[in-house]
Amino acid sequence: MPEANLELQNEVADLIVSALNLDIRPEEIQPDAPLYGEGLGLDSIDILEVALVVSKHFGFQLRADNADNISIFSSLASLTRHIAANRTK
């Protein structure tokens with residue numbers, strides 16, 4: 001992963017841990033591990049909270065009715081790629 005994307009991935013991991021008050025360090029989130037269910041163990045409410053924080057922080061709307069949400073939120077790496085492609089700030 002390019003250096004800029006690695007920095008963004010670390011920033012996104014930090015946002016997830018902060019927004020959800022998780023009992024782990026951001027660097028403990030495996031980039032390709034599932035965010036939802038197995039892996040990090042987030043539920044739909046957690047994903048909604050992450051979507052709100054990401055939307056505010058990066059300046060673009062993550063919509064609940066987006067058909068790509070399953071792939072967008074499948075892992076930290078996929079969420080980071082989506083943010084890199086769509087961010088306005």
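Residues numbered from 1 in each chain as written. Predicted model: local features only at pLDDT ≥ 70, side-chain atom pairs only at ≥ 80, totals over all residues. Heavy atoms only, no water.

Visitor: What is the right way to look at the overall build of the protein in this model?
Guide: In terms of helices and strands, the protein carries four helices and zero strands. The order of α-helices and β-strands along the protein, N terminus first, is α-α-α-α. In terms of overall dimensions, the protein is globule-like: its C-alpha atoms have a radius of gyration of 12 Å, near the 12 Å expected for 89 residues. Its C-alpha atoms give the protein principal-axis dimensions of about 30 × 30 × 20 Å. Expressed as a percentage of its 89 residues, the buried residues of the protein come to 35%. For the protein, contacts bridging at least 24 residues in sequence account for 59% of all contacts bridging at least 6. Here the protein displays about 5,500 Å² of accessible surface, and carbon together with sulfur accounts for 51% of that area. On the protein, the mean spot of the 6 positive side-chain charges and the mean spot of the 14 negative ones are 9 Å from each other. (Helix = DSSP H or I, 4+ residues; strand = E, 2+ residues; numbered from the N terminus. Rg over C-alpha atoms; globule rule 2.2 N^0.38 Å. Buried < 20%, exposed > 50% of the residue type's maximum accessible area, 1.4 Å probe, protein only. Contact = heavy atoms within 4.5 Å. Areas by Shrake-Rupley, 256 points an atom, 1.4 Å probe, with all protein chains shown as cover. Lys, Arg positive; Asp, Glu negative; His and termini not counted. Charge placed at Lys NZ, Arg CZ, Asp CG, Glu CD.)

Visitor: Is there a simple way to think about the pattern of salt bridges in this case?
Guide: Tallied over the full model, the rule gives three salt bridges. Arg63 serves as the salt-bridge partner of Asp65, at 3.0 Å between the closest nitrogen and oxygen. In the salt-bridge network here, residues are joined through shared partners; they are Arg25, Glu27 and Glu28. (Salt bridge = Lys/Arg side-chain N within 4 Å of Asp/Glu carboxyl O.)

Visitor: Hey, could you run me through the environment of Ile29 in this one?
Guide: For Ile29, the position within the fold is in the loop between α1 (3-20) and α2 (44-58). Accessibility expressed as a relative area gives 7% for Ile29, which makes it buried. For the pair Ile29 and Ala51, spaced 22 residues apart in sequence, the C-alpha to C-alpha distance is 17 Å. In contact with Ile29, other than residues within four places in its own chain, are Ala13, Ile16, Val17, Ile24, Leu40 and Leu76.

Visitor: How should the environment of Ile45 be read in this particular structure?
Guide: Here Ile45 lies in helix α2. In sequence terms Ile45 and Leu20 are 25 residues apart; their C-alpha atoms lie 10.0 Å from each other.

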